[in-house]
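What follows is each chain in one-letter form.
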Amino acid sequence: MGEATSSERDGDEGALVRFRAGLHDPRTATAIGRLLGAAVLICFLTGLTSHVLQEPPGWLAGSLPVRPVWFYRLTQGVHVATGIAAIPLLLAKLWTVYPRLFVSPPVRGLRHGVERASIAVLVAVALLQLFMGLLNIMQWYPWPFSFREVHFALAWVLVGSLLLHLAVKAPLIVAHWRRSGPGTLKLPAEEAADRRALLWSVGAAVGAVTVVSAGQTVTPLRELTALAPRQVDHGPQGLPITKTAGEAHVSERTLRGWQLEVRGPRPYALTLEQLRRLPRHDVELPIACVEGWSKSAHWSGVRLRELLERAEVPQNAWLRVVSLQHGGAYRVMEMEPQYARDPLTLLALELNGEVLDLDHGYPARIIAPGRPGVLQTKWVHRIEVL
Ligand code: HEM
Ligand SMILES: Nc1nc2c(c(=O)[nH]1)N[C@H]1C(S)=C(S)[C@@H](COP(=O)(O)O)O[C@H]1N2
Ligand SMILES: [Mo]
C-alpha cells in the first residue's frame, strides 16, 4: 500500500475516488486490520472448539473436558460475540481500503496478481462467513445446504487466505516496523482528526453491537439485548426453547405409555413413577446453545451413571441416547464415558423446581456439564451402549 496523503496523487484513481487521506491512510487500515485479524483468530479457535465438542475425532473424544461446567458456554458465547463484533470491523476495514480495491490496471504482474486474487477471496469469504453466521443465529436458514459444513469449510479458506494476505504484505509490515516508531509518520492535523473520528466510530459501533447482543449469554446485560435473537427470560420455567414439543411432533398422545429403556448387559425399562422413586440429585448447569445464547438453570433428576450401573454397563462404555422425537438432527446423541460417568450428568425430571415442561423435554431429558446445547437431548426414550 502506498503512502498517498492526497486524493490527487494517483491520477486516474484520484478522479474515481476523491478520498480524504485520514480516512484511508494505511495505518488506519492496519490498526483496524489487527483487531479484525484478532477477531477472526478468536472465531477460528472457538469455532474449532465447537466443532470438536460436537463431532470429536476418535483419538480426542475420550479427553474432552468435563470441567469447567461452563466451558462451552464461554467458548461459544465468545465465538458469537466476537463474530458479531467483527462485522463493523470488516465494514470499516473495507471502507479504509476501498480506493485500493479499484486500482487500474487490475493486475500488474504475477506478484500483484496473486495479491489481488488473495484479497478477492479474503474479502468474499469474510463477508460470506460473517453474514451467514449472523443469519444463522437469527434462526434464518435461507440456504439448502448444511450451515455447519459450509461454515466449517469457509473457516479454513478464510484463515488460509488471511495468512496468504499477511505473507504478501510481510515486506511492507517489516519495513513499517523498521522505519517508524509510533508517531513518526505524522498526518496533517485535519487528516489526523478524521482518522481519530473514524477509529472512535468504529470503536463505538463494536461496543454497541456487543452490548445489545451479549445479554443473550451474559445475564446481567439481558435488559439491553435489543438485537439478540434470544431473550433469555422468555420461555417456560425461565429458560428459552429452541425446538418446541409441537415442532418435534411430541405430544401427550405420543408420550402415552412412555417408559425409559436402558439397554446393556442387564437391560430394563422404568415407568415415570418408578423413575421418580429413584434417588434424586440436584445440579446447577447451563444450557449453552450453539447459536450463542446460554443460561444456567436448576435441574433435578436421576444420575445417569446410577441408571447405567443398574444395567451393569461397563465404566468405559460410550452411549447413544435416543429421543422420542421422530427424525430431526438431534433425535440421537452420542456420549463419551467421561460425561456419562460424571456425577453432575442427570436424566433430569425437573427444571427450576417444577416438573419439566413438555417443551423442555418432559418426561426426561439429558443435562450434562460442558457440552453444547444440541447434545442435551430432550424427550429421552432409550439409552444404548455403543
Ligand atoms: C471470523 C469468522 C468465523 C470463523 C472463522 C468461524 C468459524 C467457525 C467454526 C470452525 C465453527 C465450527 C463448525 C462445525 O461445528 O463444524 C463455527 C461454528 C459456529 N459459528 Fe462461526 N465462525 C466465524 C464467524 C461467525 C459469526 C460471525 C457467527 C455469528 C454471528 C458465527 C456463528 C457460528 C455458529 C452459530 C456456530 C455453530 C454452528 C452449529 O454447530 O450449528 N460464526 N464457526
Ligand atoms: N430431542 C431433541 N432434543 C434437543 C433438541 C431437539 O431439537 N430435539 N434441541 C437441542 C438444542 S439445539 C438445545 S440448545 C437444547 C435447548 O433446550 P431447551 O429447549 O430446553 O432450552 O435442547 C437440545 N435438545
Ligand atoms: Mo441449540
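Refer to the structure above for everything that follows.
Values in this document were obtained by computation on a predicted structure and should not be read as measured data.

Caption draft 1: Layout of the side chain of His112. Relative to the assigned elements, His112 resides in helix α6 (residues 110–137). A polar contact is formed between the side chain of His112 and the backbone nitrogen of Arg108, at a distance of 2.8 Å. Contacts of His112, omitting those with residues within four sequence positions, involve Pro105, Pro106 and Val107.

Caption draft 2: Local environment of the site of ligand 2. Residues in contact with ligand 2 amount to 19 residues; listed here are only the nearest, Pro240, Gln325, His360, Arg365 and Lys378. Contact between ligand 2 and Pro240: an oxygen atom at 2.6 Å from a main-chain N or O atom of the residue. Between ligand 2 and the protein, one listed contact pairs an oxygen atom with a backbone N or O atom of Thr242 at 3.3 Å. Computed on the free molecule, ligand 2 has an accessible area of 540 Å², of which 98% lies beneath the protein chains in the complex. When the residues that make up the shell around ligand 2 are grouped by side-chain class, the tally is 9 nonpolar, 7 polar and 3 charged.

Caption draft 3: Expanded view of the environment of His112. Look at His112 and you get buried, because its relative accessible area is 15%. On a C-alpha basis, the gap between His112 and Val168 in space is 9.1 Å, while along the polypeptide they are 56 residues apart.

Caption draft 4: Molecular detail of the coordination of the iron atom of ligand 1. Around the iron atom of ligand 1, the protein contributes the donor atoms His79 (NE2) and His151 (NE2), which lie 2.0 Å from the metal centre. Taken together, the 6 donor atoms surrounding the iron atom of ligand 1 define angles of 84 to 180° at the centre, an arrangement classified as octahedral. Residue His79 is located in helix α5 (residues 71–101), and its partner His151 is located in helix α7 (residues 147–179); the two are separated by 72 residues in the primary sequence.

Scoring rules and cut-offs
- Residues numbered from 1 in each chain as written.
- Chains lettered and ligands numbered in written order.
- Predicted model: local features only at pLDDT ≥ 70, side-chain atom pairs only at ≥ 80, totals over all residues.
- Heavy atoms only, no water.
- Helix = DSSP H or I, 4+ residues; strand = E, 2+ residues; numbered from the N terminus.
- Polar contact = N/O pair within 3.5 Å; in protein donor to acceptor, adjacent residues only side chain to side chain.
- Contact = heavy atoms within 4.5 Å.
- Near = heavy atom within 4 Å.
- Areas by Shrake-Rupley, 256 points an atom, 1.4 Å probe, with all protein chains shown as cover.
- Nonpolar A, V, L, I, M, F, W, Y, C, P; charged D, E, K, R; others polar.
- Buried < 20%, exposed > 50% of the residue type's maximum accessible area, 1.4 Å probe, protein only.
- Donors = N, O, S within 2.8 Å, 3.2 Å for Na, K, Ca; no water.
- Tetrahedral: all angles 85-135°; square planar, octahedral: opposite > 155°, others 65-115°.

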